Amino acid sequence: MRILPGAALVCVLSLLLTSAVMAGTPGMREAAFKYFTPEEIARGQSYMGGRYLLFGIRSAVQLAFFLVLILTPASRTLRDLSEAWAGHRPWLALTLYAASLLLLYRLLLLPVELYGGYYREHAYGLSTQGLGGWFRDWGKGLLLQVILLLPTVNLLYLFIRRDPLRWFLPAGGLLAALIIGLAFVAPVLIDPFFHTFTPLKDADLKARVLRLAERAGITVEQVFEADASRRTVKANAYVTGFGQTKRIVLYDTLLTRASADEVEAVLAHEMGHRVYHHIWKGVGLSVVALFVGLGIAALVLRWGSARGLITHPADPAGLPLLILTLFVLSLVTLPLQNAVSRYFERQADRAALELTGNRQAHIKVEVDLARSNLADITPPRWAVLLLYTHPPVLERIAIAEQ
(Lines give C-alpha, C1' and ligand atoms only; values in the text may rest on other atoms or scores of the structure.)
Protein backbone atom coordinates (compact mmCIF):
# COMPACT_ATOMS: atom_id res chain seq x y z
CA MET A 1 0.00 0.00 0.00
CA ARG A 2 1.93 3.01 -1.26
CA ILE A 3 0.14 5.62 0.82
CA LEU A 4 1.61 4.31 4.09
CA PRO A 5 5.28 5.01 3.24
CA GLY A 6 4.16 8.42 1.98
CA ALA A 7 2.45 9.15 5.29
CA ALA A 8 5.49 8.03 7.23
CA LEU A 9 7.65 10.33 5.11
CA VAL A 10 5.33 13.26 5.82
CA CYS A 11 5.50 12.67 9.57
CA VAL A 12 9.29 12.18 9.61
CA LEU A 13 9.80 15.35 7.60
CA SER A 14 7.50 17.30 9.89
CA LEU A 15 9.46 16.11 12.92
CA LEU A 16 12.79 17.02 11.33
CA LEU A 17 11.56 20.41 10.21
CA THR A 18 9.98 21.27 13.54
CA SER A 19 13.19 20.57 15.40
CA ALA A 20 14.43 24.05 14.48
CA VAL A 21 12.31 27.12 13.84
CA MET A 22 13.81 28.88 10.87
CA ALA A 23 14.09 32.64 10.88
CA GLY A 24 12.09 34.69 8.43
CA THR A 25 13.63 36.51 5.51
CA PRO A 26 15.46 39.81 6.17
CA GLY A 27 12.60 41.71 4.52
CA MET A 28 10.10 40.10 6.85
CA ARG A 29 12.21 40.93 9.89
CA GLU A 30 12.46 44.58 8.88
CA ALA A 31 8.69 44.80 8.54
CA ALA A 32 8.27 42.98 11.86
CA PHE A 33 10.36 45.54 13.75
CA LYS A 34 7.98 48.26 12.59
CA TYR A 35 5.24 46.84 14.83
CA PHE A 36 6.87 44.39 17.23
CA THR A 37 9.81 44.40 19.62
CA PRO A 38 12.56 41.79 19.36
CA GLU A 39 11.28 40.29 22.61
CA GLU A 40 7.76 39.90 21.21
CA ILE A 41 9.11 38.28 18.06
CA ALA A 42 11.31 35.87 20.03
CA ARG A 43 8.48 34.94 22.41
CA GLY A 44 6.12 34.22 19.53
CA GLN A 45 8.75 32.08 17.81
CA SER A 46 9.34 30.13 21.03
CA TYR A 47 5.64 29.49 21.61
CA MET A 48 4.75 28.60 18.03
CA GLY A 49 7.95 26.59 17.54
CA GLY A 50 6.72 24.26 20.28
CA ARG A 51 3.34 23.99 18.59
CA TYR A 52 4.99 23.06 15.29
CA LEU A 53 6.89 20.32 17.09
CA LEU A 54 3.77 19.08 18.86
CA PHE A 55 1.99 18.81 15.51
CA GLY A 56 4.76 16.52 14.25
CA ILE A 57 4.74 14.43 17.43
CA ARG A 58 0.95 14.11 17.45
CA SER A 59 0.91 13.07 13.77
CA ALA A 60 3.61 10.45 14.37
CA VAL A 61 1.74 9.05 17.41
CA GLN A 62 -1.52 8.84 15.47
CA LEU A 63 0.15 7.11 12.55
CA ALA A 64 1.95 4.64 14.83
CA PHE A 65 -1.25 3.85 16.74
CA PHE A 66 -3.21 2.82 13.66
CA LEU A 67 -0.28 0.99 12.07
CA VAL A 68 0.24 -1.10 15.20
CA LEU A 69 -3.45 -2.00 15.29
CA ILE A 70 -3.43 -3.02 11.64
CA LEU A 71 -0.09 -4.81 11.37
CA THR A 72 -0.33 -6.74 14.66
CA PRO A 73 -3.12 -8.95 16.08
CA ALA A 74 -4.23 -6.04 18.31
CA SER A 75 -7.26 -4.96 16.26
CA ARG A 76 -8.44 -8.53 15.67
CA THR A 77 -8.06 -9.32 19.38
CA LEU A 78 -10.10 -6.26 20.32
CA ARG A 79 -12.75 -7.31 17.79
CA ASP A 80 -12.90 -10.84 19.21
CA LEU A 81 -13.28 -9.53 22.76
CA SER A 82 -16.07 -7.18 21.66
CA GLU A 83 -17.90 -9.97 19.87
CA ALA A 84 -17.58 -12.25 22.90
CA TRP A 85 -19.13 -9.58 25.13
CA ALA A 86 -21.89 -8.79 22.61
CA GLY A 87 -22.96 -12.34 21.96
CA HIS A 88 -24.86 -12.61 18.66
CA ARG A 89 -25.53 -8.88 18.33
CA PRO A 90 -23.24 -7.51 15.59
CA TRP A 91 -24.30 -3.91 16.20
CA LEU A 92 -23.35 -4.15 19.87
CA ALA A 93 -20.03 -5.81 19.02
CA LEU A 94 -19.22 -2.97 16.62
CA THR A 95 -20.30 -0.38 19.19
CA LEU A 96 -18.09 -1.92 21.89
CA TYR A 97 -15.17 -2.20 19.47
CA ALA A 98 -15.49 1.43 18.25
CA ALA A 99 -15.92 2.74 21.81
CA SER A 100 -12.83 0.83 22.99
CA LEU A 101 -10.84 2.06 20.01
CA LEU A 102 -11.86 5.68 20.66
CA LEU A 103 -10.99 5.45 24.36
CA LEU A 104 -7.56 3.92 23.64
CA TYR A 105 -6.89 6.59 21.02
CA ARG A 106 -7.83 9.48 23.31
CA LEU A 107 -5.86 8.07 26.24
CA LEU A 108 -2.80 7.61 24.04
CA LEU A 109 -2.96 11.24 22.92
CA LEU A 110 -3.79 12.55 26.39
CA PRO A 111 -0.16 13.32 27.41
CA VAL A 112 0.41 15.33 24.22
CA GLU A 113 -2.92 17.16 24.59
CA LEU A 114 -2.37 17.83 28.29
CA TYR A 115 1.13 19.20 27.75
CA GLY A 116 0.21 21.27 24.70
CA GLY A 117 -3.25 22.39 25.79
CA TYR A 118 -2.66 22.96 29.47
CA TYR A 119 0.93 23.10 30.71
CA ARG A 120 2.39 25.06 27.77
CA GLU A 121 -0.55 27.46 27.72
CA HIS A 122 0.01 28.19 31.41
CA ALA A 123 3.76 28.45 30.94
CA TYR A 124 3.22 31.23 28.40
CA GLY A 125 0.49 32.94 30.41
CA LEU A 126 -2.27 32.17 27.90
CA SER A 127 -4.52 29.93 30.00
CA THR A 128 -6.74 30.88 32.94
CA GLN A 129 -8.21 27.40 33.37
CA GLY A 130 -7.52 25.06 36.25
CA LEU A 131 -6.48 21.46 35.73
CA GLY A 132 -9.89 20.19 36.84
CA GLY A 133 -11.62 22.45 34.32
CA TRP A 134 -9.30 21.26 31.57
CA PHE A 135 -10.12 17.62 32.29
CA ARG A 136 -13.84 18.42 32.38
CA ASP A 137 -13.55 19.88 28.88
CA TRP A 138 -11.54 16.85 27.78
CA GLY A 139 -14.27 14.58 29.11
CA LYS A 140 -16.99 16.63 27.43
CA GLY A 141 -15.15 16.36 24.13
CA LEU A 142 -14.86 12.59 24.55
CA LEU A 143 -18.57 12.33 25.37
CA LEU A 144 -19.51 14.28 22.25
CA GLN A 145 -17.29 12.03 20.15
CA VAL A 146 -19.00 8.96 21.59
CA ILE A 147 -22.46 10.40 20.90
CA LEU A 148 -21.58 11.29 17.31
CA LEU A 149 -19.17 8.50 16.40
CA LEU A 150 -20.87 5.31 17.59
CA PRO A 151 -24.16 5.66 15.66
CA THR A 152 -22.25 6.90 12.61
CA VAL A 153 -19.90 3.89 12.64
CA ASN A 154 -22.86 1.51 12.90
CA LEU A 155 -24.57 3.10 9.90
CA LEU A 156 -21.28 3.14 8.00
CA TYR A 157 -20.75 -0.59 8.47
CA LEU A 158 -24.37 -1.27 7.62
CA PHE A 159 -23.64 0.22 4.19
CA ILE A 160 -20.40 -1.76 3.90
CA ARG A 161 -22.16 -5.06 4.67
CA ARG A 162 -24.88 -4.38 2.13
CA ASP A 163 -22.55 -3.33 -0.69
CA PRO A 164 -18.79 -3.83 -0.11
CA LEU A 165 -18.00 -2.16 -3.46
CA ARG A 166 -20.13 0.98 -3.51
CA TRP A 167 -20.83 1.57 0.17
CA PHE A 168 -18.99 4.89 0.06
CA LEU A 169 -21.81 6.51 -1.97
CA PRO A 170 -24.60 6.24 0.65
CA ALA A 171 -22.04 6.65 3.43
CA GLY A 172 -20.78 9.86 1.84
CA GLY A 173 -24.34 11.13 1.60
CA LEU A 174 -24.93 10.32 5.26
CA LEU A 175 -21.77 12.08 6.44
CA ALA A 176 -22.45 15.07 4.19
CA ALA A 177 -25.89 15.41 5.78
CA LEU A 178 -24.27 15.16 9.22
CA ILE A 179 -21.78 17.94 8.36
CA ILE A 180 -24.55 20.23 7.13
CA GLY A 181 -26.79 19.37 10.07
CA LEU A 182 -24.03 20.14 12.58
CA ALA A 183 -23.47 23.52 10.92
CA PHE A 184 -27.10 24.34 11.75
CA VAL A 185 -27.39 22.91 15.26
CA ALA A 186 -23.88 23.43 16.69
CA PRO A 187 -24.60 26.97 18.00
CA VAL A 188 -27.51 25.77 20.14
CA LEU A 189 -26.59 22.16 20.95
CA ILE A 190 -22.79 21.87 21.00
CA ASP A 191 -21.30 25.31 21.70
CA PRO A 192 -23.23 25.77 24.99
CA PHE A 193 -21.64 22.52 26.14
CA PHE A 194 -18.35 24.41 26.51
CA HIS A 195 -19.29 28.10 26.90
CA THR A 196 -21.94 30.17 28.58
CA PHE A 197 -23.52 32.67 26.19
CA THR A 198 -25.30 35.81 27.34
CA PRO A 199 -26.84 38.60 25.22
CA LEU A 200 -24.38 41.42 24.61
CA LYS A 201 -25.01 44.06 27.28
CA ASP A 202 -23.48 47.04 25.48
CA ALA A 203 -26.49 48.35 23.54
CA ASP A 204 -24.43 50.83 21.49
CA LEU A 205 -21.94 48.18 20.43
CA LYS A 206 -24.76 45.77 19.59
CA ALA A 207 -26.43 48.37 17.40
CA ARG A 208 -23.11 49.05 15.67
CA VAL A 209 -22.52 45.34 15.09
CA LEU A 210 -25.99 44.87 13.62
CA ARG A 211 -25.51 47.86 11.29
CA LEU A 212 -22.27 46.30 10.10
CA ALA A 213 -24.08 43.02 9.45
CA GLU A 214 -26.74 44.87 7.50
CA ARG A 215 -24.07 46.51 5.33
CA ALA A 216 -22.63 43.05 4.71
CA GLY A 217 -26.04 41.74 3.66
CA ILE A 218 -26.29 39.41 6.66
CA THR A 219 -29.62 38.96 8.39
CA VAL A 220 -28.93 38.35 12.06
CA GLU A 221 -30.60 39.47 15.27
CA GLN A 222 -28.71 37.67 18.03
CA VAL A 223 -25.41 39.03 19.40
CA PHE A 224 -23.89 37.09 22.29
CA GLU A 225 -20.95 37.35 24.63
CA ALA A 226 -19.04 34.13 25.44
CA ASP A 227 -17.26 33.56 28.76
CA ALA A 228 -13.94 32.67 27.14
CA SER A 229 -11.98 34.30 29.98
CA ARG A 230 -12.69 31.21 32.13
CA ARG A 231 -10.24 29.35 29.91
CA THR A 232 -7.94 31.72 28.06
CA VAL A 233 -6.68 35.25 27.58
CA LYS A 234 -6.89 34.87 23.80
CA ALA A 235 -9.49 37.00 22.02
CA ASN A 236 -11.83 36.10 19.19
CA ALA A 237 -15.23 36.70 17.61
CA TYR A 238 -17.23 34.80 15.00
CA VAL A 239 -20.48 34.47 13.10
CA THR A 240 -22.04 31.02 13.34
CA GLY A 241 -25.15 29.06 12.45
CA PHE A 242 -27.78 29.37 9.76
CA GLY A 243 -31.41 30.45 9.75
CA GLN A 244 -32.83 30.57 13.27
CA THR A 245 -29.49 29.50 14.79
CA LYS A 246 -27.46 32.29 13.16
CA ARG A 247 -25.70 34.48 15.71
CA ILE A 248 -22.73 36.74 16.30
CA VAL A 249 -20.48 35.78 19.20
CA LEU A 250 -17.88 37.97 20.89
CA TYR A 251 -15.35 36.63 23.38
CA ASP A 252 -15.43 38.58 26.62
CA THR A 253 -11.63 38.76 26.34
CA LEU A 254 -12.06 40.77 23.13
CA LEU A 255 -14.59 43.12 24.71
CA THR A 256 -12.30 43.95 27.63
CA ARG A 257 -9.27 44.83 25.52
CA ALA A 258 -10.56 46.18 22.20
CA SER A 259 -12.23 49.45 21.24
CA ALA A 260 -15.51 49.51 19.35
CA ASP A 261 -13.61 50.19 16.11
CA GLU A 262 -11.40 47.18 16.72
CA VAL A 263 -14.33 44.89 17.59
CA GLU A 264 -15.95 46.04 14.37
CA ALA A 265 -12.78 45.23 12.44
CA VAL A 266 -12.66 41.69 13.85
CA LEU A 267 -16.32 41.06 13.10
CA ALA A 268 -16.06 42.58 9.63
CA HIS A 269 -13.52 39.90 8.78
CA GLU A 270 -15.86 37.17 10.04
CA MET A 271 -18.71 38.69 8.05
CA GLY A 272 -16.42 38.77 5.03
CA HIS A 273 -16.56 34.98 5.03
CA ARG A 274 -20.33 35.22 4.71
CA VAL A 275 -20.06 37.83 1.97
CA TYR A 276 -17.95 35.42 -0.10
CA HIS A 277 -20.07 32.37 0.93
CA HIS A 278 -16.99 30.67 2.34
CA ILE A 279 -19.01 28.53 4.74
CA TRP A 280 -20.97 26.84 1.97
CA LYS A 281 -17.93 26.67 -0.30
CA GLY A 282 -16.04 24.98 2.53
CA VAL A 283 -18.88 22.55 3.10
CA GLY A 284 -19.00 21.79 -0.62
CA LEU A 285 -15.26 21.16 -0.80
CA SER A 286 -15.45 19.00 2.33
CA VAL A 287 -18.23 16.90 0.84
CA VAL A 288 -16.30 16.36 -2.41
CA ALA A 289 -13.17 15.43 -0.43
CA LEU A 290 -15.29 13.13 1.73
CA PHE A 291 -16.62 11.16 -1.23
CA VAL A 292 -13.13 10.88 -2.74
CA GLY A 293 -11.63 9.82 0.60
CA LEU A 294 -14.31 7.21 1.27
CA GLY A 295 -13.96 5.90 -2.29
CA ILE A 296 -10.24 5.39 -1.74
CA ALA A 297 -10.98 3.85 1.69
CA ALA A 298 -13.32 1.34 -0.01
CA LEU A 299 -10.44 0.27 -2.27
CA VAL A 300 -8.07 0.03 0.69
CA LEU A 301 -10.51 -2.16 2.66
CA ARG A 302 -10.76 -4.52 -0.31
CA TRP A 303 -6.96 -4.54 -0.52
CA GLY A 304 -6.73 -5.31 3.21
CA SER A 305 -9.20 -8.15 2.82
CA ALA A 306 -7.24 -9.62 -0.09
CA ARG A 307 -3.98 -9.38 1.87
CA GLY A 308 -5.45 -11.05 4.93
CA LEU A 309 -5.23 -8.03 7.22
CA ILE A 310 -8.99 -8.30 7.75
CA THR A 311 -11.43 -11.11 6.96
CA HIS A 312 -13.69 -9.00 4.70
CA PRO A 313 -14.38 -5.29 4.05
CA ALA A 314 -17.13 -5.20 6.72
CA ASP A 315 -14.85 -6.73 9.38
CA PRO A 316 -14.91 -4.35 12.40
CA ALA A 317 -11.18 -4.97 12.80
CA GLY A 318 -10.74 -2.96 9.59
CA LEU A 319 -11.95 0.27 11.18
CA PRO A 320 -8.37 1.37 12.00
CA LEU A 321 -7.43 0.74 8.35
CA LEU A 322 -10.33 2.92 7.20
CA ILE A 323 -9.41 5.70 9.66
CA LEU A 324 -5.72 5.48 8.75
CA THR A 325 -6.55 5.89 5.07
CA LEU A 326 -8.55 9.05 5.73
CA PHE A 327 -5.85 10.33 8.12
CA VAL A 328 -3.08 9.82 5.57
CA LEU A 329 -5.11 11.50 2.84
CA SER A 330 -5.74 14.44 5.17
CA LEU A 331 -2.02 14.75 5.93
CA VAL A 332 -0.96 14.51 2.31
CA THR A 333 -3.50 17.11 1.19
CA LEU A 334 -2.95 19.41 4.18
CA PRO A 335 -0.91 21.98 2.21
CA LEU A 336 -3.71 22.20 -0.38
CA GLN A 337 -6.40 22.48 2.30
CA ASN A 338 -4.53 25.27 4.03
CA ALA A 339 -3.80 27.07 0.76
CA VAL A 340 -7.54 27.23 0.08
CA SER A 341 -8.16 28.40 3.65
CA ARG A 342 -5.55 31.18 3.37
CA TYR A 343 -7.13 32.29 0.08
CA PHE A 344 -10.52 32.53 1.81
CA GLU A 345 -8.96 34.47 4.70
CA ARG A 346 -7.38 37.01 2.34
CA GLN A 347 -10.74 37.54 0.68
CA ALA A 348 -12.35 38.03 4.09
CA ASP A 349 -9.67 40.56 5.06
CA ARG A 350 -10.32 42.59 1.91
CA ALA A 351 -14.08 42.40 2.45
CA ALA A 352 -13.59 43.63 6.01
CA LEU A 353 -11.60 46.63 4.85
CA GLU A 354 -14.31 47.48 2.35
CA LEU A 355 -17.04 47.12 4.98
CA THR A 356 -15.41 49.35 7.59
CA GLY A 357 -13.07 51.59 5.58
CA ASN A 358 -10.95 51.73 8.74
CA ARG A 359 -7.47 50.62 7.79
CA GLN A 360 -5.82 51.67 11.05
CA ALA A 361 -8.27 49.68 13.18
CA HIS A 362 -7.49 46.56 11.15
CA ILE A 363 -3.76 47.03 11.57
CA LYS A 364 -4.10 47.63 15.31
CA VAL A 365 -6.26 44.53 15.70
CA GLU A 366 -3.74 42.38 13.87
CA VAL A 367 -0.89 43.70 15.99
CA ASP A 368 -2.78 43.36 19.28
CA LEU A 369 -4.03 39.85 18.52
CA ALA A 370 -0.57 38.74 17.40
CA ARG A 371 0.88 39.99 20.67
CA SER A 372 -1.80 38.53 22.93
CA ASN A 373 -1.99 35.18 21.09
CA LEU A 374 1.82 34.90 20.73
CA ALA A 375 1.80 34.59 16.96
CA ASP A 376 4.97 33.70 15.07
CA ILE A 377 5.65 37.06 13.46
CA THR A 378 8.22 35.72 10.98
CA PRO A 379 7.19 32.08 10.49
CA PRO A 380 9.29 29.72 8.38
CA ARG A 381 7.95 29.23 4.88
CA TRP A 382 7.46 25.48 5.33
CA ALA A 383 5.29 26.09 8.40
CA VAL A 384 3.05 28.51 6.52
CA LEU A 385 2.65 26.11 3.60
CA LEU A 386 2.01 23.06 5.79
CA LEU A 387 0.21 24.35 8.87
CA TYR A 388 -1.19 27.87 8.47
CA THR A 389 -4.91 28.23 7.85
CA HIS A 390 -4.52 32.04 7.95
CA PRO A 391 -1.91 34.24 6.26
CA PRO A 392 0.92 35.31 8.59
CA VAL A 393 0.25 38.50 10.52
CA LEU A 394 2.67 40.63 8.48
CA GLU A 395 0.91 39.65 5.27
CA ARG A 396 -2.43 40.59 6.77
CA ILE A 397 -1.05 43.93 7.92
CA ALA A 398 0.35 44.50 4.43
CA ILE A 399 -3.14 43.93 2.94
CA ALA A 400 -4.48 46.73 5.14
CA GLU A 401 -1.52 49.01 4.38
CA GLN A 402 -2.02 48.62 0.64
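## A closer look at the overall build of the protein chain
Inference 1: The secondary structure content of the protein chain amounts to 16 helices and four strands.
Inference 2: At 23 Å, the protein chain has a C-alpha radius of gyration in line with the 21 Å of a compact globule built from 402 residues.
Inference 3: Sorting the 402 residues of the protein chain into buried and exposed places 50% on the buried side.
Inference 4: Within the protein chain, residue pairs in contact and separated by at least 24 positions form 77% of the contacts whose partners lie at least 6 positions apart.
Inference 5: Accessible area for the protein chain stands at about 19,300 Å²; split by element, carbon and sulfur atoms hold 65% of it.
Inference 6: Positive and negative side-chain charges in the protein chain, numbering 39 and 30 respectively, have mean positions lying 7 Å apart.

## Topic: the pattern of salt bridges
Inference 1: If you walk through the whole model with that rule in mind, you get 19 salt bridges.
Inference 2: As a salt-bridge pair, K34 and E401 come within 3.2 Å of each other at their nearest N and O atoms. Note that K34 is positioned in helix α2 (residues 26-35) and E401 in helix α16 (residues 393-401), a separation of 367 residues in sequence.
Inference 3: Given a relative accessible area of 33%, E401 falls into the partly exposed group.

## So, the pairing of strand β2 (residues 223-226)
Inference 1: Side chains of β2 alternate between two faces, with V223 and E225 and F224 and A226 buried alike.
Inference 2: Where strand β1 (residues 197-199) lies against β2, three bridges are found, and the strand directions are antiparallel. Bridge assignment links F197 to a residue of β2, and that residue is A226.
Inference 3: Note that β2 and strand β4 (residues 247-251) share four bridges and pair parallel. Within β4, the residue paired with E225 across the bridge is L250.

## Notes on the sheet that holds strand β3 (residues 237-240)
Inference 1: Ordered by their spatial adjacency, four strands build an open sheet running β1-β2-β4-β3, and the pairing between neighbours is mixed. Of all strands in the sheet, those bounded by a partner on one side alone are β1 and β3. The mean angle between the axes of side-by-side strands here comes to 30°, regardless of whether they run parallel or antiparallel.
Inference 2: Across the sheet, helix α10 (residues 260-275) touches β3 and β4, and the angle it forms with β3 is around 30°.

## Looking at the pairing of β3
Moving residue by residue along a regular strand, the side chains alternate between the two faces of the sheet.
Inference 1: Of the two faces of β3, the one holding A237 and V239 and the one holding Y238 and T240 are both buried throughout.
Inference 2: Direction of pairing for β3 relative to β4: antiparallel, over a ladder of four bridges. The partner of V239 across the bridge, within β4, is I248.
Inference 3: What sits between β3 and β4 in their antiparallel hairpin is a turn of six residues, with G241 showing a positive phi close to 80°.

## Structural notes on a nonpolar patch on the surface
Inference 1: The grouping of I179, I180, F184, V185, V188, L189 and W280 at the surface amounts to a nonpolar patch, some 560 Å² of accessible area in total.
Inference 2: Element by element, the count of residues in the nonpolar patch is highest for helix α7 (residues 168-190), at six residues.
Inference 3: Structurally, I179 can be placed in helix α7.
Inference 4: In this structure I179 comes out as partly exposed when scored by relative accessible area, which is 32%.

## Regarding unusual backbone geometry
Phi is mostly negative for residues that are not glycine, and the peptide bonds are mostly trans.
Inference 1: For H277, which is not glycine, the phi torsion reads 55° and is therefore positive.
Inference 2: With respect to the helices and strands, H277 occurs in the loop between α10 and α11 (278-306).
Inference 3: Phi at L374 takes a positive value of approximately 55°, unusual for a residue other than glycine.
Inference 4: Locating L374 in the fold gives a position in the loop between α14 (359-373) and α15 (381-387).
Inference 5: By relative accessible area, L374 is classed as buried at 8%.

## Focus on the packing of helix α5 (residues 90-123) against helix α6 (residues 131-162)
Inference 1: Orientation of α5 relative to α6, taken along the N-to-C sense of each, is 150°, at an axis distance of 9 Å. By the angle between their directions, the pair α5 and α6 is classed as roughly antiparallel. Here α5 and α6 pass one another in a crossing that is right-handed.

## A closer look at the packing of aromatic side chains
Inference 1: Following the criterion strictly, the structure yields 13 aromatic pairs and no others.
Inference 2: Ring plane angle 45° and centroid distance 6.4 Å describe the contact between Y52 and Y388, whose orientation is recorded as tilted. Note that Y52 is positioned in helix α3 (residues 38-71) and Y388 in the loop between α15 and α16, a separation of 336 residues in sequence. The two residues Y52 and Y388 agree in class, both being buried.
Inference 3: Seen in terms of ring centroids, F193 and F194 are 5.6 Å apart; in terms of plane orientation they differ by 85°. Their pairing is edge-to-face.
Inference 4: Taking the relative accessible area as the measure of exposure, F193 reaches 30% and is therefore partly exposed.
Inference 5: Given the relative accessible area of 22%, F194 is considered partly exposed.
Inference 6: Taken together, the ring pairs connect Y52, W382 and Y388 into an aromatic cluster.
Inference 7: In this arrangement the basic side chain of K140 is found over the ring face of F193, its NZ or CZ atom lying 5.7 Å from the centre.

Here is what the cut-offs are and how they apply
- Residues numbered from 1 in each chain as written.
- Predicted model: local features only at pLDDT ≥ 70, side-chain atom pairs only at ≥ 80, totals over all residues.
- Heavy atoms only, no water.
- Helix = DSSP H or I, 4+ residues; strand = E, 2+ residues; numbered from the N terminus.
- Rg over C-alpha atoms; globule rule 2.2 N^0.38 Å.
- Buried < 20%, exposed > 50% of the residue type's maximum accessible area, 1.4 Å probe, protein only.
- Contact = heavy atoms within 4.5 Å.
- Areas by Shrake-Rupley, 256 points an atom, 1.4 Å probe, with all protein chains shown as cover.
- Lys, Arg positive; Asp, Glu negative; His and termini not counted.
- Charge placed at Lys NZ, Arg CZ, Asp CG, Glu CD.
- Salt bridge = Lys/Arg side-chain N within 4 Å of Asp/Glu carboxyl O.
- Pairing = 2+ DSSP bridges.
- Axes fitted to C-alpha atoms, helices over the stretch in contact; angles between N-to-C directions.
- Patch = residues over 30% accessible without salt bridge, like charges linked within 9 Å, V, L, I, M, F, W, Y side chains within 5 Å.
- Parallel < 35°, antiparallel > 145°, perpendicular 65-115°, else oblique.
- Left-handed = near helix turned anticlockwise from the far one by under 90°.
- Phe/Tyr/Trp six-rings, centres within 6.5 Å; stacked < 30°, edge-to-face > 60°.
- Lys NZ or Arg CZ within 6 Å of the ring centre and 35° of its normal.

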